[in-house]
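# Chain and residue survey
Below, each chain spelled out in residue letters.
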Amino acid sequence: MQSAVQGLKPENLWRYFSELSDIPRESGNEEGVRQFLLAFAKEHNLEAVVDTIGNVIIRKQAYKGYEDRPWVALQGHMDMVCVKEEGSSHDFAKDPIKLVRDGDFLKADKTTLGGDNGIAIALVLDILADPDCKHGPIEAIFTVSEETGLTGAFNVEQKHINSRLMINLDSEEEGVLYIGCAGGIEVRSFLPVTWSKVDPSGKAFLLTANGMLGGHSGAEIHQQRANAIKVVARVLHQAPDFQVFKAEGGTKRNVIPSVCMAAVVVKAEDEHALRALLEKVQAELSGEYELSDPGLTLSLTETALPERAVDCETSRRFFTALYAAHHGVDAMSMSIPGIVETSSNLAIMRLEEDGFKVISSHRSSVLSARDDIAHRFASVFTLIGSHVRFEGAYPSWKPNPHSVLTGFCAKAYEEYSGKKPTITAIHAGLECGIINSRIEGMDSVSFGPDMYDVHSVKERLSISSVERISGFTRHLLSIIE
């Protein structure tokens, strides 16, 4: 057990979380976690199934006297978003996540923590391992590759699932019961480029935007944080003639980009104008993002002149399109006050050998609005000659405040905490909507402990909140009948 979690309660829960943190589990690399879960099931004499896509289902029989109660699923995902600080040597393919305790918070050393969704796995394993936990028959559903396309949820097989009540543990605000979520879709665009020799009298510069908080593109999109790709585009669309020879920004489709760079060649006589422009935009952005991203920094560093670069006209067309493309909240919900209805995340940008590539993600609780904003975003790139395709569409989860499970959850939370829960929907995509569509008659609710700045190196998890959510979950399981 890592020292950061020693002495924390519940002890077994934090031991499992520590053990998970030692296992690399970036999306698509879940085999280590899968074997960990199967070994756990064998150790505790629990039935375990691996389905076709690689999801793990572990079943536990009812506590004595609770045999006639309905099956309940406890659900979370195996993978985590892997983001690290610039300059970090951490290798997510082999290095453990180093846990750091900071007062009531658990964080990681210069990387994402993996509390999303490792804490769900740890919480469920703690329940599965406890012979004194009172509950009806339960099954844990641990899915693969949630963060990169909800792959596991899309491939859950009804023949393996006994439950028709499901508790998803992938939410990040204690005291909130989520009974609905947004649907989503990705847009991928590609602009072909031709490379040409550069004028040897020109100068090359590396433009970098960093210091932004980033975060989860669903859970934090309403925070109005700066997008590093948009920041670089804001500079270059105003710049003197330039040729791009390197460009990259963003890491994951569901992460707000916090770092972006573009290497450009300009005429030597335009250096002063470019530096003046940078100072102007820095001053503007420092004012605009004073509260949300106080560390936002633009820098311009002279670098070696390349032999070739993308022509000026294509370079400008592309960065003008990035500047015009929508990012952020598009509409707020009129049915659930305070909830984002529709949004876009300009997530990833790359210059590769064959062209400029862009990936964006779009969410809405209204599927026609989801598709509309995705097509509006795509049209900006279509206008400059990009090839566009749509991928990874997933359904929204329509709220049902009168569901049986919602009633049990609300009752249990008030009994356990003495407070009424908030019952609402979330703009982030959850697996509930997909699993509900795959398993006929499934009734779902999502909740979890307080987590902040997930999908960023600032990710932190409230230790005391985890303990309370663990107790609440156990109480909830004891009263479902």
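This text gives an overview of the structure that appears in the document. On a predicted model such as this, the values are computed, not experimentally measured, just so you know.

### Quick word on the pairing of strand β6 (residues 138-143)
Taken across its 6 residues, β6 has 6 buried, putting it largely inside the fold. Here strand β2 (residues 56-60) pairs with β6 via 5 bridges, running antiparallel. Its bridge partner lying in β6, Val 56 is registered against Phe 142. As judged from the 6 bridges shared by strand β3 (residues 72-77) and β6, these two strands associate in the parallel manner. Following the sheet pairing, Ala 73 is matched in β6 by Glu 139.

### Considerations on the packing of aromatic side chains
Two aromatic rings are characterised by how far apart their centres lie and by the angle between their planes. Per the stated rule, a full pass over the model turns up 11 aromatic pairs. With centroids separated by 5.8 Å and ring planes inclined at 75°, the aromatic side chains of Tyr 63 and Tyr 66 adopt a geometry described as edge-to-face. Overall, the relative accessible area of 15% leaves Tyr 66 in the buried class. These aromatic residues form a ring-pair network of at least three members: Phe 242, Phe 318, Phe 319 and Phe 356. The ring of Tyr 16 has Arg 15 lying over it, and the distance from NZ or CZ to the ring centre is 4.7 Å. Lying over the aromatic face of Trp 195, Arg 308 brings its terminal NZ or CZ to 4.4 Å of the ring centre.

### Quick word on the pattern of salt bridges
Applying the stated rule across the entire model yields 32 salt bridges. Among the salt bridges present, the one from Glu 139 reaches Arg 59, with a minimum N-O distance of 3.2 Å. Here Glu 139, found in strand β6, pairs with Arg 59, found in strand β2; they are 80 residues apart in sequence, far enough to count as distant. Just as Glu 139 is buried, Arg 59 falls in that class too. In this structure, a network of salt bridges that share partners links the residues Glu 186, Arg 188, Arg 253, Arg 389 and Glu 391.

### Quick notes on the side chain of Ser 364
Tracing the backbone shows Ser 364 in strand β18 (residues 355-364). Since its relative accessible area comes to 0%, Ser 364 is described here as buried. Only 3.1 Å separates the side chain of Ser 364 from the backbone oxygen of Glu 341, close enough to count as a polar contact. Not counting residues within four places of it along the chain, the set of residues in contact with Ser 364 comprises Ala 182, Gly 183, Glu 341, Thr 342, Ala 369, Arg 370, Ser 396 and His 427.

### Observations concerning unusual backbone geometry
The residue after Lys 9, namely Pro 10, is reached through a cis peptide bond having omega -5°. Residue placement: Pro 10 occurs in the segment before α1 (11-21). With an omega of 15°, the peptide bond running from Asp 116 to Asn 117 counts as cis. Looking at the secondary structure, you find Asn 117 in helix α3 (residues 115-128). Phi angles above zero are rare outside glycine, and Ser 145 is one such case at about 50°.

Reading the values: rules and limits
Residues numbered from 1 in each chain as written. Predicted model: local features only at pLDDT ≥ 70, side-chain atom pairs only at ≥ 80, totals over all residues. Heavy atoms only, no water. Buried < 20%, exposed > 50% of the residue type's maximum accessible area, 1.4 Å probe, protein only. Helix = DSSP H or I, 4+ residues; strand = E, 2+ residues; numbered from the N terminus. Pairing = 2+ DSSP bridges. Phe/Tyr/Trp six-rings, centres within 6.5 Å; stacked < 30°, edge-to-face > 60°. Lys NZ or Arg CZ within 6 Å of the ring centre and 35° of its normal. Salt bridge = Lys/Arg side-chain N within 4 Å of Asp/Glu carboxyl O. Polar contact = N/O pair within 3.5 Å; in protein donor to acceptor, adjacent residues only side chain to side chain. Contact = heavy atoms within 4.5 Å.

By themselves, these figures tell us nothing about what the structure is for.
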